[in-house]
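Each chain is listed here by its residues.
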Amino acid sequence: MRIRTHRDTCIGAGRCYLVAPELFDQRDDDATVVVLAEQVTGTGLDKAREAADECPTRTLYLTEE
Ligand code: SF4
């Protein structure tokens with residue numbers, strides 16, 4: 001699965017970095033999300049789903065490709 005973002009809705013809340021720092025970081029200038037590993041499987045996929053669920057603005061989502 002691939003991690004996608006609606007970047008214009010990210011408010012830099014940081015929930016994704018807290019849940020999965022191996023998958024997400026934040027931009028230095030505005031704290032919005034940076035996806036570190038777009039393709040995820042196994043445990044990484046579980047973490048990506050958890051981060052998407054935690055995101056208050058539904059910025060993160062997963063697609064098949
Ligand atoms: S949890 Fe959502 S709103 Fe917060 S930084 Fe991550 S993607 Fe952006």
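Higher on the page you've got the structure.
Residues numbered from 1 in each chain as written. Predicted model: local features only at pLDDT ≥ 70, side-chain atom pairs only at ≥ 80, totals over all residues. Heavy atoms only, no water.

Asks: Help me understand the site of the ligand in this model?
Replies: Taken together, the neighbourhood of the ligand is formed by 14 residues, with C10, A13, G14, C16 and C55 sitting nearest. The element that contributes the greatest number of residues to the shell around the ligand is helix 1 (residues 15-19), accounting for 3 residues. Of the residues assigned to the shell around the ligand, the class counts are 9 nonpolar, 4 polar and 1 charged. (Near = heavy atom within 4 Å. Helix = DSSP H or I, 4+ residues; strand = E, 2+ residues; numbered from the N terminus. Nonpolar A, V, L, I, M, F, W, Y, C, P; charged D, E, K, R; others polar.)

Asks: Mind showing me how you'd approach the pattern of salt bridges here?
Replies: Between side chains of opposite charge, a pair can form when the charged atoms approach closely. Within this structure, the stated rule accounts for 3 salt bridges. Across the pair E38 and R2 runs a salt bridge whose closest N-O atoms are separated by 2.6 Å. Of this pair, E38 sits in the loop between strand 3 (33-35) and helix 2 (42-54) while R2 is found in strand 1 (residues 2-5), placing the two residues 36 residues apart along the sequence. Judged by relative accessible area, which is 39%, E38 ranks as partly exposed. For E54, the salt bridge identified is with R15, shortest N-O distance 2.4 Å. Of this pair, E54 sits in helix 2 while R15 sits in helix 1, placing them 39 residues apart in sequence. According to the relative accessible area criterion, E54 is partly exposed, its value standing at 31%. With a relative accessible area of 40%, R15 lands in the partly exposed category. (Salt bridge = Lys/Arg side-chain N within 4 Å of Asp/Glu carboxyl O. Buried < 20%, exposed > 50% of the residue type's maximum accessible area, 1.4 Å probe, protein only.)

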